[in-house]
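Analysis of the macromolecular model
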Amino acid sequence: MEISLREVTKDNWLDVINLQISQQQQDYVAQNAESIAESHFYDHYVNRAIYRGEEVVGFLQYYQELEEGLPDEFYIAQFMVDLTLQGQGIGTEATRLAIAEISQIPECKIISILYMPGHDAMRNFYARFGFVVTEEDENDGVVMELKVRD
């Protein structure tokens, strides 16, 4: 299975926004179209289509935490794999690729994610990559961080 991350472009954005998640996941994951639209207002947002071979199978968005005054922290804001393809290892490989890509950015010292209570499978998923819980709030969610470098 060849998984890759590629830029979201005018040639693949419709494939990205047509990806599906489960009804339950809709409470925890933003719509891809909303994330892509938001990124057009912030130059530092990075959108990646997740490909299996030549097929778009997921979406990832990350950005440098400039608005929070944390230029050494990069936040994975959106991550999803199409409903019909979940559980096949695509998300695991895409996460490895995302960590590798983000880690190559010279300013990056920390990669962070946030998940909402109720979506607890994400804790175990990200812990496999070395992410640790740094904040936990019933209303604001759970923040996990991966230290990339000192």
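Reference entry: report on the structure contained in this document. (Residues numbered from 1 in each chain as written. Predicted model: local features only at pLDDT ≥ 70, side-chain atom pairs only at ≥ 80, totals over all residues. Heavy atoms only, no water.)

As for the overall build of the protein
Worth spelling out the cut-off: Here a strand is any run of E in DSSP of at least two residues, a helix any run of H or I of at least four, and the numbering for each starts at the N terminus. Radius of gyration: C-alpha atoms only; globule rule: 2.2 Å multiplied by the number of residues to the exponent 0.38. Whether a residue is buried, partly exposed or exposed follows from its accessible area with a 1.4 Å probe, protein chains only, as a fraction of its type maximum: under 20%, in between, or over 50%, in that order. Charge assignment in this entry is limited to Lys and Arg as positive and Asp and Glu as negative, and neither His nor the chain termini are counted. Charge positions are represented by NZ for Lys, CZ for Arg, CG for Asp and CD for Glu.
A count of helical and extended segments in the protein gives four helices and seven strands. Listing every helix and strand of the protein by position from the N terminus yields β-α-α-β-β-β-α-β-α-β-β. Compactness check: the protein gives a C-alpha radius of gyration of 15 Å against a globular reference of 15 Å for 150 residues, within 12% of the reference. Projected onto the principal axes, the alpha-carbon positions of the protein cover approximately 35 × 30 × 30 Å. Counting every position in the protein, which comprises 150 residues, the buried fraction comes to 45%. Of the side chains in the protein, 10 bear a positive and 27 a negative charge, and the two mean positions are spaced by 9 Å.

A few points about the pattern of salt bridges
What counts is decided by this rule: Throughout this description, the term salt bridge denotes a Lys or Arg side-chain nitrogen within 4 Å of a carboxyl oxygen of Asp or Glu.
The final tally for this structure, using the stated rule, is six salt bridges. Note that Arg123 and Glu136 form a salt bridge whose closest N and O atoms lie 2.6 Å from each other. Highlighted residues: Arg123 in helix H4 (residues 121-127) and Glu136 in strand S6 (residues 132-137), separated in sequence by 13 residues.

Thoughts on helix H2 (residues 32-39)
Selection rule: The directions considered for the arc run from the helix axis to the C-beta atoms. Note on contacts: a residue pair is in contact if any heavy atoms of the two residues lie within 4.5 Å.
Among the residues of H2, Asn32, Ser35, Ile36 and Ser39 are the ones counted as buried. Projected onto a plane normal to the axis of H2, the buried residues spread over an arc of 95° and lie on a single side. As for H2, its buried residues are in contact with helix H1 (13-17), strand S2 (45-52), strand S3 (55-65) and strand S4 (70-81).

Structural notes on the pairing of S6
Heads up, the rule is: By this definition, two strands are paired if DSSP reports at least two bridges between them.
Note that S6 and strand S7 (residues 141-147) share five bridges and pair antiparallel. Across the sheet, residue Asp137 finds its bridge partner in S7, namely Gly141. Hairpin connection, S6 to S7: the antiparallel pair is bridged by three residues.

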